Amino acid sequence: MNNQPQPYNSYSYHSMQSAYRSGPEPPPPHNMYTQPTYPPYSQPFPNLSQLSAALGGLSGVPELEVEALRPVNLLQERNLLPQRPQEAPEPNLSPDLKKVNCSPQTFRCTLTSIPQTQALLNKARLPLGLLLHPFRDLQQLPVITSNTIVRCRSCRTYINPFVTFLDQHRWKCNLCYRVNDVPDEFMYNPVSRSYGEPHMRPEVQNSTVEFIASSDYMLRPPQPAVYLFVLDVSHNAVEAGYLKVFCDSLLENLDKMPGDSRTRVGFLTFDSTVHFYNLQEGLSQPQMLVVSDIDDVFIPSHDSLMVNLKESRELVKDLLTSLPAMFSQSRETHSALGPALQAAFKLMSPTGGRVSVFQTQLPSLGAGKLQSREDPNQRSSTKGVQHLGPATDFYKKLALDCSGQQIGVDLFLLSSQYADLASLACVSKYSAGSIFYYPSFHHVHNPAQLQKLQKDLERYLTRKIGFEAVMRIRCTKGLSIHTFHGNFFVRSTDLLSLANVNPDSAFAVQVSIEDSLADSSLACFQAALLYTSSKGKRRIRVHTLCLPVVNQLSDVYAGADVQAITCLLANMAIDRSVSCSLSDARDALVNAVVDFVSSYKNNVSNLQQSGLIVPSVMRLFPLYILALLKEKALRTGTSTRLDERVFAMCEFKTQPLQQLMRMVHPDLYRLDNVSDQGALHLNDTTVPQPHLIHLSAESFSRDGAFLMDCGNVFYLWVGKCCSEIFIRDVLGCPNYASIPPNMSHIPQLETPLSERVRAFLDWLQDNRAFSSTVHVIKDDASAKAALSQHLVEDRSDSASSYQDFLQHIQQQVSK
């Protein structure tokens, strides 16, 4: 700790040239258009000068600012958790702008009040960045079909609710301030079917819209939905038993896969050789073609291996029915994953599409073969962790080739042994794929993992998908975007190439302030995602976020989003642990807290009392950072398998904020006394809303039942003295002793208590893409082991308690 590494917020990154910098026109002075020659008409949004007057920092909303900045002494106040999971803070904007701003579930900034200068940002000692979930499932999405997609001539920003109409024929861009003409077609409003009100069109009334794109947005005709499944059939794979689970799931969901009459599918299996399957319409049964020369893999037939699903449907079903038995006697222990991926690349290159790879062991033959790098004796090391980066660049190079041909690769790793995920993950990381990991998967011995794979496959095979996608993020003049986090390939300085895009992946970017924003009262960010839908339509999904600009440090702090800050720092820490070392990343996280507390103490807080004082809005910051330090990805001193650590790192880079926060700091509730008081009423269901409780052993009592929501798993802990009514009415067991040891579901019982508990669990499940497994655990030593790693406020073998951590922070601040 003494040789403090450089904190995150003082990194010097190479700044990237924003795409619009070369715009021909400088921004016009703000008073130039205050007297339009066109008669003024009522427009729903104030112009820039009106906004400046209406905003005036946060002083216009004293009660919000007072609560956000209320000083909290962390050494004295213990009850810091809100009663319900935290919502995103609301930017301090006028009601009109608030109403049309982008949802924080889609677009979220670490600071909801943007500092006017980089100097002010540096003084705040907090990171500035965006968290983005651009393709998430939406209940409502305005889709616009128009011959003219209106964009700024200079910076190419899409027209949005935060532009200013100077009159009916001209609008000013909210990012570069260029004045543009309103096209004639834009005068017509398709919603109201009226003419002459461009400011009422859906593009200007909604901050998230989707355009049906014209041929100008296509380099080639839109591709069909193409799916290739690459399946490990070695002895290891057969032993684990995943193949039957996969085949059954695909058979069940064949009709629900996104696509149209052009959808194509193919299958490829591999052990020490690579097997292709001829599924051409007209054959009486599928034909297997074996390529044993793995050093020079070739495609045995070019037109019968990727087939039209509609035409070859029966053959596909035959293959899926017979595949598990075909390899059931296999004794082949080798795995030629690299050659199988090379074959997949050759098969998919003409069209692009999605490759789904299932792998159960360390690749041992041909290109991309790997050796074990894990030393089990080092799993609990407190010094440092080796081999967090790839052992070879084979998988990254292959991924970049795939990305260039619009092929995304998703990896399902089902392995009980070390498989070098740090190397294998590159194939998905750089091709915009997804990574799924099932440690110790076995279809008989591990029912919880079996159930998880089944549910994950159902979501995976049926969720919507975008092909041949690119995404660009633009921001107000003076701001610039640098480091990107997530799975993609950066094609040019600000263009992300996403061969596939799915609704469950998120991205993060860091932002710096290059020029003063003194002339602006608002800062805006716009993300545009251009993709081909599974039905072959080229579409552009656009999200625009608007935030106030402030010049006071107290206003910057009042608008801080502690969860977004934690998630961005987590992403930065993952990068740091791979590029430098794990201990370096951990030190920098601690320093982020020390720097923030010091800055607040020296610049804002005028309280002379001793203690650790932070503004209320950031009161959970030290707790969240401690939780991060105890998370699998970043912890030391606790036995952690290398693949599990690397997978946790991958999750940090791709999970949406809500899911990430549950993994970092799980939600804990007491369920045995749950009631309808304060419940939500959704349709015909009453959903109880129990209060959150602290993640400490002190919170548990033996006469209760407690639910811990860790994001991808629920633990229901039942105390030894829990009421028999709860055990009988919710778990269906006569008493505590009769609760089975591996219970992994809550039975459907017709009792009021069961209905309440299940309604609450279902509601929690509905708010996430992939369903979480449930483990009912009893009050014994194994339960203690399962839960203790999540009780972030308590001392563990190698990590300090929350109180110790606060004392350490205070010592560092006083220095």
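Quick caveat, the model's predicted, so the values are computed rather than measured.

**Overview of the packing of helix α15 (residues 562-579) against helix α16 (residues 582-603)**
Step number 1: One way to put it is that α15 packs onto α16 with a least axis distance of 7 Å and a crossing angle of 150°. Compared by their axis directions, α15 and α16 come out roughly antiparallel. The way α15 lies across α16 gives a crossing that is right-handed. Together, Leu569, Ala573, Arg576 and Ser577 of α15 and Leu582, Asp584, Ala585, Ala588, Leu589 and Ala592 of α16 make up the contact between the two elements.
Step number 2: For the contact of α15 with α16, the residue count by class is 7 nonpolar, 1 polar and 2 charged.

**Structural notes on the pattern of salt bridges**
Step number 1: Considering all chains together, one arrives at 30 salt bridges under this definition.
Step number 2: The partner of Arg125 in a salt bridge is Asp595, and the shortest N-O contact between them spans 3.4 Å. Taken together, the residues span a long stretch of sequence, with Arg125 in the loop between α4 (118-124) and β4 (129-132) and Asp595 in helix α16 at a distance of 470 residues.
Step number 3: By relative accessible area, which is 24% here, Arg125 ends up partly exposed.
Step number 4: Owing to a relative accessible area of 12%, Asp595 belongs among the buried residues under this scheme.
Step number 5: Across the pair Arg170 and Asp167 runs a salt bridge whose closest N-O atoms are separated by 3.1 Å.
Step number 6: Given the relative accessible area of 24%, Arg170 is considered partly exposed.
Step number 7: For Asp167, a relative accessible area of 7% puts it in the buried group.

**What about the nonpolar core?**
Step number 1: Judged by nonpolar contacts, the single largest core of 193 residues is most densely connected at Ile114, Phe525 and Leu731.
Step number 2: Excluding its chain neighbours within four sequence positions, the residues that come into contact with Ile114 are Cys109, Leu128, Leu479, Leu517, Ala523, Phe525, Leu547, Pro548, Val549 and Val550.
Step number 3: One finds Ala225, Ala240, Cys247 and Phe441 within the second-largest nonpolar core, a separate group that totals 41 residues.

**Structural notes on the confidence of the model for the protein**
Step number 1: In the predicted model, the protein carries a mean pLDDT of 88, and 91% of its residues have values of at least 70.
Step number 2: Contacts from residues 1-60, a stretch scored under 50 in pLDDT, to residues over four places away or in other chains number 116 contacts.

**Digging into the environment of Leu93**
Step number 1: Locating Leu93 in the fold gives a position in the loop between β1 (71-73) and α3 (95-100).
Step number 2: Under the relative-accessibility criterion, Leu93 is labelled buried at 6%.

**So, helix α23 (residues 802-814)**
Step number 1: An ideal rise of 1.5 Å per residue puts 18 Å on 13 residues; α23 measures up with 18 Å between its terminal C-alpha atoms.
Step number 2: Turning to α23, its buried residues number three or more, namely Tyr802, Phe805, Leu806, Ile809, Gln812 and Val813. With its buried residues spanning 125° around the axis, α23 presents them on a single face.
Step number 3: Along its buried surface, α23 packs onto α16 and α17 (621-629).

**Focus on the sheet that holds strand β2 (residues 107-109)**
Step number 1: Sheet architecture is open: 4 strands sit in the order β2-β4-β24-β21, paired in antiparallel fashion. Unpaired on one side and paired on the other, β2 and β21 (479-485) mark the two borders of the sheet. Across the sheet, the axes of successive neighbouring strands diverge by a mean angle of 25°, strand direction being ignored.
Step number 2: Note that β2 and β4 share 3 bridges and pair antiparallel. Bridging across to β4, Phe107 finds its partner in Leu132.

**Here we look at the side chain of Ser312**
Step number 1: With respect to the element layout, Ser312 can be found in the loop between β16 (307-308) and α8 (313-326).
Step number 2: Among the polar contacts made by the side chain of Ser312, one reaches the main-chain carbonyl oxygen of Leu279 at a distance of 2.8 Å.
Step number 3: For Ser312, the residues in contact, after removing those within four places along its chain, are Leu279, Gln280, Glu281 and Val307.

**Side note on the sheet that holds strand β31 (residues 705-709)**
Step number 1: If you walk across this open sheet you meet the 4 strands as β28-β31-β32-β33, and the pairing is mixed. Only two strands of the sheet have a single partner each, and these edge strands are β28 (667-670) and β33 (773-778). Geometrically, the sheet is characterised by an average inter-axis angle of 20° between neighbouring strands, direction not taken into account.
Step number 2: The pairing of strand β32 (residues 713-718) with β33 spans 6 bridges and is classified as parallel. Looking across to β33, one finds that Trp717 is bridged to Ile777.
Step number 3: Most of the contacts of helix α22 (residues 781-788) go to β32, to which it runs at about 140°, and overall it touches β31, β32 and β33.

**Quick notes on the pairing of strand β20 (residues 466-475)**
Each regular strand displays side chains that alternate between the two surfaces of the sheet.
Step number 1: Most of β20 is tucked away: 9 of the 10 residues are buried.
Step number 2: Across 6 bridges, the pairing between β20 and strand β23 (residues 495-501) is antiparallel. Bridge pairing links Ala469 to Leu498 in β23.
Step number 3: Summarising the sheet, β20 and strand β25 (residues 522-533) pair through 8 bridges and their orientation is antiparallel. Bridge pairing in β25 links Arg472 to Ala528.

**With respect to the packing of helix α20 (residues 724-731) against helix α21 (residues 752-766)**
Step number 1: Direction vectors running N to C along α20 and α21 enclose 70°, while the axes themselves pass 8 Å from each other. The angle between the axes of α20 and α21 places the two elements in the roughly perpendicular class. For the element pair α20 and α21, the recorded crossing hand is right-handed. For the pair formed by α20 and α21, the contact residues are Phe726, Asp729 and Val730 on the first element and Leu753, Ser754 and Val757 on the second.
Step number 2: Counted by class, the contact of α20 with α21 contains 4 nonpolar, 1 polar and 1 charged residues.

**Examining the packing of aromatic side chains**
Step number 1: In total, this model carries 25 aromatic pairs according to the counting rule given.
Step number 2: Seen from their ring centres, Phe229 and Phe267 are 5.5 Å apart, and the 25° between their planes marks the pair as stacked. Of this pair, Phe229 sits in strand β12 (residues 226-232) while Phe267 sits in strand β13 (residues 264-270), and the two are 38 residues apart along the sequence.
Step number 3: Phe229 gets classed as buried once you look at its relative accessible area, which sits at 1%.

**Considering the environment of His681**
Step number 1: Note that His681 resides in strand β29 (residues 680-682).
Step number 2: Since its relative accessible area comes to 61%, His681 is described here as exposed.
Step number 3: C-alpha separation for the pair His681 and Val307, spaced 374 residues apart in sequence, amounts to 48 Å.
Step number 4: Looking at His681, its side chain comes within polar contact range of the side chain of Thr686, at 3.5 Å.

**Description of the side chain of His482**
Step number 1: Tracing the backbone through its elements, the reader meets His482 in strand β21.
Step number 2: Here Thr483 takes part through its side chain, which lies 3.0 Å from a polar atom of the side chain of His482.

**Here's the deal with the state of the cysteines**
Step number 1: All chains considered together, the criterion is met by 0 disulfides.
Step number 2: As a non-bridged cysteine, Cys109 has Cys475 as the owner of its nearest cysteine sulfur, 10 Å distant.
Step number 3: Take Cys109: its relative accessible area is 3%, and that puts it in the buried class.
Step number 4: No disulfide involves Cys710; its sulfur sits 16 Å from the nearest other cysteine sulfur, which is in Cys567.
Step number 5: Judged by its relative accessible area of 3%, Cys710 is buried.

Definitions and limits used
Sequence order sets the numbering: in each chain, residues are counted from 1 along the sequence as written. For a predicted model such as this one, the threshold for reporting local features is a pLDDT of at least 70, and the threshold for listing and counting side-chain atom pairs is 80 or more; totals across whole chains, interfaces and linings nevertheless cover every residue. Based on all heavy atoms of the structure, the side-chain values leave hydrogens and waters out of the count. Lines are fitted to the C-alpha atoms to define the axes, a helix being fitted only along its stretch in contact, and any angle between axes, read from their N-to-C directions, falls within 0 to 180 degrees. Helical segments are the DSSP runs of H or I of at least four residues, strand segments are the runs of E of at least two, and each set is numbered from the N terminus. Angles below 35 degrees are treated as roughly parallel, those above 145 as roughly antiparallel, those between 65 and 115 as roughly perpendicular, and all remaining angles as oblique. A clockwise turn of the near helix away from the far one marks a right-handed crossing, whereas an anticlockwise turn of less than a right angle marks a left-handed crossing. Any two residues having at least one pair of non-hydrogen atoms within 4.5 Å are treated as being in contact. The residue classification treats Ala, Val, Leu, Ile, Met, Phe, Trp, Tyr, Cys and Pro as nonpolar and Asp, Glu, Lys and Arg as charged. All others, Gly included, are polar. By salt bridge we mean one thing: a side-chain nitrogen of Lys or Arg within 4 Å of a carboxyl oxygen of Asp or Glu. Each residue's exposure class comes from its accessible area (1.4 Å probe, protein chains only) as a fraction of the maximum for that residue type: buried when under 20%, exposed when over 50%, partly exposed otherwise. Nonpolar cores were defined as sets of buried Ala, Val, Leu, Ile, Met, Phe, Trp, Tyr and Cys residues, with membership established by side-chain atoms within 4.5 Å. Confidence of the predictor in every single residue is expressed as pLDDT, which spans 0 to 100. How far a helix is expected to stretch is found by multiplying one less than its residue total by 1.5 Å. Throughout, the arc means the angular range of directions from the helix axis out to the C-beta atoms. Any two strands with at least two DSSP-identified bridges between them are counted as paired. In protein, a polar contact requires one atom able to donate a hydrogen and another able to accept it; more generally it is a pair of N or O atoms within 3.5 Å, and residues adjacent in sequence count only if both atoms are side-chain atoms. Here the aromatic set is Phe, Tyr and Trp, taking the six-membered ring for Trp, and pairing holds for ring centres within 6.5 Å; pairs whose planes are under 30 degrees apart are stacked, those over 60 apart are edge-to-face, and all others are tilted. Here, two cysteine sulfur atoms that lie within 2.5 Å of each other are counted as a disulfide.

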